[in-house]
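Chains, contacts and geometry: an overview
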Amino acid sequence: MPELPEAETIVRDLRARIPGGTVTRVSVARPDVLHTGLTAAALGRRLRGRTVTGVSRRGKNVVIEFDAGLRLIINLGMTGRVVTSDASRAGELRHIAVSLHLRDGRAILYDDARRFGDLDLRDEAGWSARDAELGVEPLSDAFTADLLHSLSRMSTSPIRNWLLDQKRIAGVGNIYAIEALFRAGIRPTRRARTLRRRETIALRDELRNVLRESINSRGTTISDYRDASGEPGAFVRSLRVYDRQGEPCIECGTLIKRVVLSNRSAFYCPSCQK
Ligand SMILES: [Zn+2]
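Residues numbered from 1 in each chain as written. Predicted model: local features only at pLDDT ≥ 70, side-chain atom pairs only at ≥ 80, totals over all residues. Heavy atoms only, no water.

1. Brief notes about the nonpolar core
The tendency in soluble globular proteins is for nonpolar side chains to be buried side by side. So the rule is basically this: Within this scheme, the nonpolar core is defined by two criteria: the residues are buried Ala, Val, Leu, Ile, Met, Phe, Trp, Tyr or Cys, and they are joined through side-chain atoms within 4.5 Å. The buried label applies to any residue whose accessible area, calculated with a 1.4 Å probe on protein chains only, is under 20% of its type's maximum; exposed applies above 50%, and partly exposed to all values in between. Here a strand is any run of E in DSSP of at least two residues, a helix any run of H or I of at least four, and the numbering for each starts at the N terminus. When checking whether two residues touch, look at their non-hydrogen atoms; a contact exists if any pair is within 4.5 Å.
Formed by 36 residues in total, the largest nonpolar core has its most connected members in Ile159, Trp162, Leu163, Ile169, Ile186, Leu203 and Leu207. Mapped by element, the contributors of at least two residues to this core are helix H5 (159-164), helix H6 (174-184), helix H7 (197-216) and strand E10 (264-268). Considering every element that reaches this core, the biggest residue donor is H6, with eight residues. Other than its neighbours up to four places away in sequence, Leu163 contacts Ile169, Val172, Ala177, Leu181, Leu203 and Leu207.

See below:
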């Protein structure tokens, strides 16, 4: 499932390619990826003639900004891809759900095999409301160890589950939560409020480290994620515990364990993580 580094990689790619492009036509092959209440007709009518002014990210969402304050908010779900039609691997897309055709002859393609993704169009006020629902950006200066410590005091949830709540920290999903907990020496099953101060400091630092390293490797591709050129990310080779149950811990040799929390796998080293 694409998380912050994957969305960030797509955003950086798109930022170099699409600003200045003007939408001439929108085609929607799969209306079920549109946000509840947004119709294909309304998407086309509101975007036609609009020019891309920027591309940004909020949490796991790719946000394409247009003039007049319109924003197309793309949540990639599990298998969503945003690829420009001039990319060398665009021809490999098999599940194009929405195409934004540009005046220069190119198109911005949203492809989604399983269609758990979500495309929403918001004006300034609508965007503010959506933005306010999301928690702190983990790579921003606002994400301090003090903030993480105070937020976590209220919860008895396992820390892995706690980290996945987008209303607290925006953009962290299972892969990066698991990897950061390993690096910080914290077991995924620990109750959030039992973390000591030095542990929240380590967790804050390791979350940022793992997210930044993954961005530098252009994200993690387990199966479906692709960047805006259609290429996979390389960070999967740097994962230390995720999906490695039964393999020796790279730090101590103890076999990595898998546990299921809220129907999702967590992985940890029983020796390194307390
Ligand atoms: Zn270990």
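2. Quick notes on the domain arrangement of the protein chain
Bring the parts together and some accessible area is lost; that lost area is often taken as the interface size. Quick note on the threshold: Source of the domain bounds: an automatic or database domain assignment. The quantity reported as buried area is the accessible area (1.4 Å probe) lost by two parts once they are put together, taken as the sum for both.
Domain annotation of the protein chain identifies domain 1 (4-132) and domain 2 (145-268). Placing a centre on the C-alpha atoms of domain 1 and another on those of domain 2 gives a separation of 28 Å. Taken together, the contacts link 22 residues of domain 1 with 21 residues of domain 2. Buried surface at the junction of domain 1 and domain 2, both sides included, amounts to about 1800 Å², of which 56% is carbon and sulfur.

3. Side note on the environment of Ser150
The test is simple: Polar contacts here mean pairs of N or O atoms no more than 3.5 Å apart (in protein, one a potential hydrogen donor and the other a potential acceptor; neighbouring residues in sequence count only if both atoms are side-chain atoms).
Relative to the helices and strands, Ser150 resides in helix H4 (residues 145-152). Classification of Ser150 as partly exposed rests on a relative accessible area of 41%. Distance in space between the C-alpha atoms of Ser150 and Val83 is 40 Å, their sequence separation being 67 residues. Separated by 3.1 Å, the side chain of Ser150 and the backbone oxygen of Leu147 make a polar contact.

4. Notes on empty space enclosed by the protein
The condition is simple: Only protein atoms enter the 1 Å grid used here. Points where a 1.4 Å probe fits but cannot escape make up a cavity, open sets with protein on both sides within 12 Å along at least five of seven lines make up a pocket, and a residue lines them when an atom lies within 4 Å of a point. Grid points are joined across faces, edges and corners, and a volume is the space filled by probe spheres set on the points. Throughout, the ten residues Ala, Val, Leu, Ile, Met, Phe, Trp, Tyr, Cys and Pro are labelled nonpolar, Asp, Glu, Lys and Arg are labelled charged, and all others, Gly among them, are labelled polar.
Considering all chains together, one arrives at two cavities of 30 Å³ or more under this definition. Here the largest cavity defines a volume of roughly 40 Å³. Around the largest cavity, the lining residues are Ile64, Leu72, Ile74, Val82, Val98, Leu100, Ile108, Leu109, Tyr110 and Leu119. Those elements that place two or more of their residues in the lining of the largest cavity are strand E4 (71-75), strand E6 (96-102) and strand E7 (107-112). Counting residues per element, the lining of the largest cavity draws most heavily on E7, which supplies three residues. Of the residues belonging to the lining of the largest cavity, the class tally is ten nonpolar, no polar and no charged. In this structure, the second largest cavity encloses a volume near 30 Å³. Lining the second largest cavity, in full, are Met1, Pro2, Lys60, Asn75, Leu76 and Gly77. When grouped by side-chain class, the residues that make up the lining of the second largest cavity number three nonpolar, two polar and one charged.

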